[in-house]
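# Structural description and commentary
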Amino acid sequence: MTVSGDADLVVGSLDPERVEVVVVVPCFNEAQRLDVRPLGDMLGDGSFGVVLVDDGSTDATWNRFGTLVDGHPGSAVAIRCSRNRGKGEAVRTGMRAALGSDPRWVAYLDADLAVAPAEFAQIVHRCAPGIDVILASRVRLLGYHIDRRLSRHLVGRVFATFASLLLALPVYDTQCGAKGFRVTPVLRAALATEFETAWLFDVELLARLMYPEHGDAVGVDALEEVPLRQWRDVAGGALGVRSAGAIARESLVLARTVSVARRRFERRRQRPG
Ligand SMILES: Nc1nc2c(ncn2[C@@H]2O[C@H](COP(=O)(O)OP(=O)(O)O)[C@@H](O)[C@H]2O)c(=O)[nH]1
Ligand SMILES: [Mg+2]
């Protein structure tokens, strides 16, 4: 298993013979929130795998990984990064490690399990053959249970509109922490280099897939948003007032990065041959 230079410890393995979908869970100081049982349940028939990434935590997060990794040989991996680099790089490290076992899909899920692993697994299972990217989406509909604070909802709507315009993609919710990606050459290339943003990397990753420098792009028809039956707002999340400044700064970086990629991609498409 290949992991980036910042990972100082890797425990466990994924059995390439049976693991088809690998779910990465980035964890920074999650000793209090992380409940590995629903993740263990998801591993059920052996076609799913989990990669837990400790993003340089200063609490006992690493010790919380043991039961899952020891209890599911061939289906679970724990990676400890020596320093904290933010969610985007933690996810990228985990996804690159997952690619080493050649699965059909790689995905990620927040450690608070605001999206239930069982529901997410079903979404990936049901995915149609022509779909390469699945985005779980928090849409309030009758009969669904999306328990999101109004402030979060409004900030989410503003950001999603911004991201939708940047990407030229009619997407509703870019920031839900559960997404799945079919393993393709363009995905491998998209994960090869560091993200420029830590919190908005989801949009950066979509841009790298839709507007790649080389190779086949993921077309709009290959992206699907799936409304979640249930989403719960778990206390202890990262996005407070303190991170608002960082996110505003990242939005500028994102706008530049995505616009450059789109323009470069358009020029490539217009070139003869
Ligand atoms: N706060 C924070 N979270 C990180 C970092 N690296 C990885 N993560 C993980 O990224 C996810 C963020 O989810 P959460 O804290 O619930 O954020 P929110 O629900 O969007 O406020 C969690 O799984 C974190 O453990 C980091 O550097 N800082
Ligand atoms: Mg959360």
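Notes on the structure follow. All of these numbers come straight from a predicted model, not from anything done at the bench.

## Section: empty space enclosed by the protein
Evaluated as defined, the whole model comprises two cavities of 30 Å³ or more. Counted as a void, the largest cavity has a volume near 40 Å³. Looking at the largest cavity, the residues that line it are L109, D110, D112, L113, A114, V115, C176, G177, A178 and W231. Partitioned by chemical class, the residues of the lining of the largest cavity number seven nonpolar, one polar and two charged. Considered as a void within the structure, the second largest cavity measures approximately 30 Å³ in volume. Looking at the lining of the second largest cavity, the elements that each hand over two or more residues are β8 (179–182) and α7 (185–190). For the lining of the second largest cavity, the residue count by class is six nonpolar, one polar and two charged.

## Comments concerning the site of ligand 1
Residues in contact with ligand 1 amount to 17 residues; listed here are only the nearest, P26, F28, E30, D55 and D112. Residue K87 places a main-chain N or O atom 3.3 Å away from a nitrogen atom belonging to ligand 1. Residue R152 places a side-chain N or O atom 3.2 Å away from an oxygen atom belonging to ligand 1. Within the complex, the protein chains bury 90% of what would otherwise be the 570 Å² of accessible surface of ligand 1. Here the residues of the shell around ligand 1 are counted per class, giving seven nonpolar, three polar and seven charged.

## A closer look at the packing of helix α6 (residues 150–167) against helix α9 (residues 244–270)
Think of two packed helices as two axes; the pair is described by the angle between the axes and how far apart they sit. Where α6 meets α9, the axes come as close as 9 Å, and the angle between the chain directions of the two elements is 20 degrees. The angle between α6 and α9 falls in the class roughly parallel. In the packing of α6 onto α9, the handedness of the crossing is right-handed. Across the interface between the two elements, F159, F162, L165, L166 and L167 of α6 pack against S251, L254, A255, V258, S259 and R262 of α9. Per-class residue counts for the contact of α6 with α9 are eight nonpolar, two polar and one charged.

Rules used throughout
Residues numbered from 1 in each chain as written. Chains lettered and ligands numbered in written order. Predicted model: local features only at pLDDT ≥ 70, side-chain atom pairs only at ≥ 80, totals over all residues. Heavy atoms only, no water. 1 Å grid on protein atoms, 1.4 Å probe; cavity = no way out; pocket = protein on both sides within 12 Å on 5 of 7 lines; lining within 4 Å. Points joined across faces, edges and corners; volume = space filled by probe spheres on them. Nonpolar A, V, L, I, M, F, W, Y, C, P; charged D, E, K, R; others polar. Helix = DSSP H or I, 4+ residues; strand = E, 2+ residues; numbered from the N terminus. Near = heavy atom within 4 Å. Polar contact = N/O pair within 3.5 Å; in protein donor to acceptor, adjacent residues only side chain to side chain. Areas by Shrake-Rupley, 256 points an atom, 1.4 Å probe, with all protein chains shown as cover. Axes fitted to C-alpha atoms, helices over the stretch in contact; angles between N-to-C directions. Parallel < 35°, antiparallel > 145°, perpendicular 65-115°, else oblique. Left-handed = near helix turned anticlockwise from the far one by under 90°. Contact = heavy atoms within 4.5 Å.

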